[in-house]
Amino acid sequence: MKSGFIAILGLPNAGKSTLINALVGEKVSIVSWRPQTTRDKIVGILHGDDFQAVFIDTPGIHKGSSKLSKYMADEVSSAKNSSDGVLFVIDASKPLDKDSFDFLEKTASSADTVVALNKMDIADKAFAMESVKRLSSIRGLEIVPISAATKENLPELVSVIRGMLKDGVPYYPEDMYTDKPLRFMAAEIVREKALKFLLAEIPHGIGVEIKKFETGEDGITRIEADLICEKETHKPIIIGKGGETLKRISVAARRELEALVDGQVYLRLYVKVKSGWKDNSAILELLGYSEKK
Ligand SMILES: Nc1nc2c(ncn2[C@@H]2O[C@H](COP(=O)(O)OP(=O)(O)OP(=O)(O)O)[C@@H](O)[C@H]2O)c(=O)[nH]1
Ligand SMILES: [Mg+2]
């Protein structure tokens, strides 16, 4: 039996979360077209016949100065430090960026690293070949072109990852595919739908706090959540004309929450303004963005 932890790293929007979901075969991490979607380390477990790979999805490597940005950067380095190997995701539809190259050049020699050249379904082949050529100059680096969206070449990637695992016992039972509690998953689903339906004028300053999560004797799960934004002017945008935007978020979220809890869900969403929440330790802690020491 082989097992181990694999940290999934890469720039924002490279497709890390899409890839972890495709590898695990379940939705463990939310996805959006906006960069900086993932904020926490998210564990996703792949159970093979004779191996168990525990993937850790991470926030895209970026620079920012808020306390939330710092939390995200800490999540990345702790994932990297506690892993047996690194799965580095690169968006092949863009020219290879210097930050990714430098990171790989620095770390590939010391850690077991595989590069997933992602989005091959939309990549310009000439661009992609350029990236492969440059990456090939780094010794010991495995490069696997894939598409997380179409699942192209994932078996090849899995076999490279299998080779990075160590002899050992499984870390998690076979029916487990993430270590996150339902409450966390619920908040993330609401946040994903908010990102999906809100236009670009609402920046990434949305937080979700689950206020109530109860399954009654009638089998119905009642969930209440606050959508936290930074400015009073964002509130009417999130609510939309006649409550239309909030309604769309709610309908889409409820559908997925029902799949999550495997039962009927009543969902109530409220919009709250908490200016500067990304720098407010107390609010960050409330939303789960703090390491419990
Ligand atoms: N065409 C195509 N799109 C992809 C592929 N993988 C991911 N995407 C899209 O790329 C966007 C970003 O995907 P995510 O999985 O959220 O990216 P991420 O690396 O987790 O981003 P952060 O969490 O912000 O760091 C989404 O719109 C995905 O649907 C792929 O293989 N092909
Ligand atoms: Mg992500």
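For the structure, check the block above.
Residues numbered from 1 in each chain as written. Chains lettered and ligands numbered in written order. Predicted model: local features only at pLDDT ≥ 70, side-chain atom pairs only at ≥ 80, totals over all residues.

(A) Representation of helix 1 (residues 16-24). Burial analysis of helix 1 places 9 of its 9 residues in the buried class, the great majority of the element. Turning to helix 1, its buried residues are Lys16, Ser17, Thr18, Leu19, Ile20, Asn21, Ala22, Leu23 and Val24. Note on helix 1: the residue one or two positions beyond its end, Gly25, has a positive phi of about 85°. (Buried ≥ 20, exposed ≤ 12 C-beta atoms within 10 Å, placed from the backbone. Helix = DSSP H or I, 4+ residues; strand = E, 2+ residues; numbered from the N terminus.)

(B) View of the environment of Leu287. As for its position among the elements, Leu287 is in the segment after helix 9 (281-286). Separated by 139 residues in sequence, Leu287 and Ala148 have C-alpha atoms that sit 29 Å apart. In this view, Leu287 contacts Gly207 and Glu209; residues no more than four positions away in its chain are not counted. (Contact = placed C-beta atoms within 7 Å.)

(C) Seen up close, the sheet that holds strand 9 (residues 221-229). Taken together, the 3 strands give an open sheet; going across it, the order is 8-9-10, and neighbouring strands pair in mixed fashion. Edge strands, defined here as strands with exactly one partner in the open sheet, are strand 8 (207-215) and strand 10 (265-273). Direction aside, the axes of adjacent strands within the sheet are offset by 15° on average. As judged from the 8 bridges shared by strand 8 and strand 9, these two strands associate in the antiparallel manner. Paired with Val208 across the bridge in strand 9 is Leu227. Seen against the sheet, helix 6 (residues 182-197) touches strand 8, strand 9 and strand 10 and runs at an angle of roughly 130° to strand 8. Contacting strand 9 and strand 10, helix 8 (residues 244-261) runs over the sheet at an angle of about 135° to strand 10. (Pairing = 2+ DSSP bridges. Axes fitted to C-alpha atoms, helices over the stretch in contact; angles between N-to-C directions.)

(D) Summary view of the environment of Ile8. For Ile8, the location among the structural elements is in strand 1 (residues 2-10). Between the C-alpha atom of Ile8 and that of Ile56, which follows or precedes it by 48 residues, the distance is 5.8 Å.

(E) Broad picture of the site of ligand 1. In the neighbourhood of ligand 1, 24 residues make up the surrounding shell, with Gly15, Ser17, Thr38, Gly60 and Ala149 lying closest. With 3 residues, helix 1 is the single largest residue contributor to the shell around ligand 1. Considered class by class, the residues forming the shell around ligand 1 number 9 nonpolar, 12 polar and 3 charged. (Near = placed C-beta within 6 Å. Nonpolar A, V, L, I, M, F, W, Y, C, P; charged D, E, K, R; others polar.)

(F) Just the nonpolar core, in detail. Core analysis: the biggest nonpolar cluster contains 47 residues, and Ile6, Ile8, Phe55, Leu87 and Ala116 have the highest contact counts within it. The contact partners of Ile6, leaving out residues within four places of it in the chain, are Ala53, Val54, Phe55, Ser83, Asp84, Gly85, Leu87, Ile161 and Met164. Core analysis: the second largest hydrophobic core is formed by 23 residues, Ala253, Val265, Leu267 and Leu269 among them. (Core = buried A, V, L, I, M, F, W, Y, C linked by C-beta atoms within 7 Å.)

(G) Representation of the pairing of strand 3 (residues 51-57). Taking burial as the measure, the 7 residues of strand 3 include 6 buried ones, the bulk of the element. Sheet topology places strand 1 next to strand 3; 7 bridges connect them, and they run parallel. Bridging from a neighbouring strand, Ile8 pairs with Asp57 of strand 3. Across 6 bridges, strand 2 (residues 42-47) lies against strand 3 in antiparallel orientation. Considered in strand 3, the bridge of Val43 is made with Ile56. Between the antiparallel neighbours strand 2 and strand 3 lie 3 residues.

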